[in-house]
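Remarks on the overall topology
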Amino acid sequence: MTEILTPRLLLRRWSDDDLVPMSEINADSEVMRWIRDGSVLDLEQTAEAIERWEDEWDEEGFGLFAVELLGSGELIGFAGLSVPHFLPAVLPDVEIGWRLGRSYWGQGYASEAAHAVLEFALQDRGLDRLVSLIQPSNEASVNVAEKLGMTFERETVHPEFGLPLQVYAIDLTEYQA
C-alpha cells in the first residue's frame, strides 16, 4: 500500500470509509465549480470515480491519493497523478491534480499534498514531466501550480465541454527540491 506522510497529512490509497466524505466534497457546487463543466457528483458517481482512481493505480502504478488530516484522520479530498485521456493534446503527459473540501481551503493543504505528489512522481515513479490542467479563472489552483514550480505553457480547450484550459507544466529533470 502506497502512503506518503507530510507534516500534516497522510496521502494513501482509497478505502470504503472514504466514499461518504468524498461524495460530500463532490456534492459542493463551489468545490466543483472548476471541475469539468461544474456539475456536482452524487454518491453513486463518486463511488464510480473512486473505482476508476483505484483502477488507475493498478494500471499505471500511480493515481489519486486520498488525503487525510494526520491529527483527526478525516478525509479532506485528494491529490495525485492521472493520465488525462480526455485531452489527447497533452498526452503522453501525466497530470498532477488536487481537490479539497471547501473548509480546508486557504490553509496550505493543497500545496503540501501536491508537493508530496510531485516528489513521488519524480523519486518513486521516475516521471520526467507533469502538467496541470486549470481553468483560467481558478486562481487558487494556479497558485498551487506556481508554488510547485510549474509554469504556464499554453491554452487549450476541453474537448467535451468547450471550456478553456490552461496547461501548466514542470520538467522534473530540472526540478530542485
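Heads up: the structure comes first, above all this text.
Description of the structure in this document. Remember, it's a predicted structure, so these values are computed and weren't measured experimentally.

This next bit is on the overall build of the chain. A count of helices and strands for the chain gives 5 helices and 8 strands. The N-to-C order of helical and strand elements in the chain reads β-β-α-α-α-β-β-β-α-β-α-β-β. In terms of overall size, the chain behaves like a compact globule, its C-alpha atoms giving a radius of gyration of 15 Å where 177 residues would be expected to give roughly 16 Å. Overall, the C-alpha framework of the chain stretches about 35 × 35 × 35 Å when taken along its three principal axes. The 177 residues of the chain split such that 51% are buried. Excluding contacts between residues fewer than 6 apart, the proportion of contacts in the chain whose partners are at least 24 apart in sequence is 62%. About 8800 Å² of surface is accessible on the chain, with carbon and sulfur atoms providing 47% of the total. Taking the average place of the 12 positive charges on the side chains of the chain and the average place of its 33 negative ones, the gap between the two points comes to 4 Å.

Our next topic: the sheet that holds strand β5 (residues 94-100). The strand order across the open sheet built from 8 strands is β1-β2-β3-β4-β5-β6-β8-β7, with neighbouring strands paired in mixed fashion. Of all strands in the sheet, those with a lone pairing partner are β1 (4-5) and β7 (151-157), marking the two edges. Relative to strand β4 (residues 75-82), strand β3 (residues 64-69) runs antiparallel, the two being bridged by 5 bridges. From the neighbouring strand, Phe 65 faces β4, where its bridge partner is Ala 79.

About the thresholds
Residues numbered from 1 in each chain as written. Predicted model: local features only at pLDDT ≥ 70, side-chain atom pairs only at ≥ 80, totals over all residues. Heavy atoms only, no water. Helix = DSSP H or I, 4+ residues; strand = E, 2+ residues; numbered from the N terminus. Rg over C-alpha atoms; globule rule 2.2 N^0.38 Å. Buried < 20%, exposed > 50% of the residue type's maximum accessible area, 1.4 Å probe, protein only. Contact = heavy atoms within 4.5 Å. Areas by Shrake-Rupley, 256 points an atom, 1.4 Å probe, with all protein chains shown as cover. Lys, Arg positive; Asp, Glu negative; His and termini not counted. Charge placed at Lys NZ, Arg CZ, Asp CG, Glu CD. Pairing = 2+ DSSP bridges.

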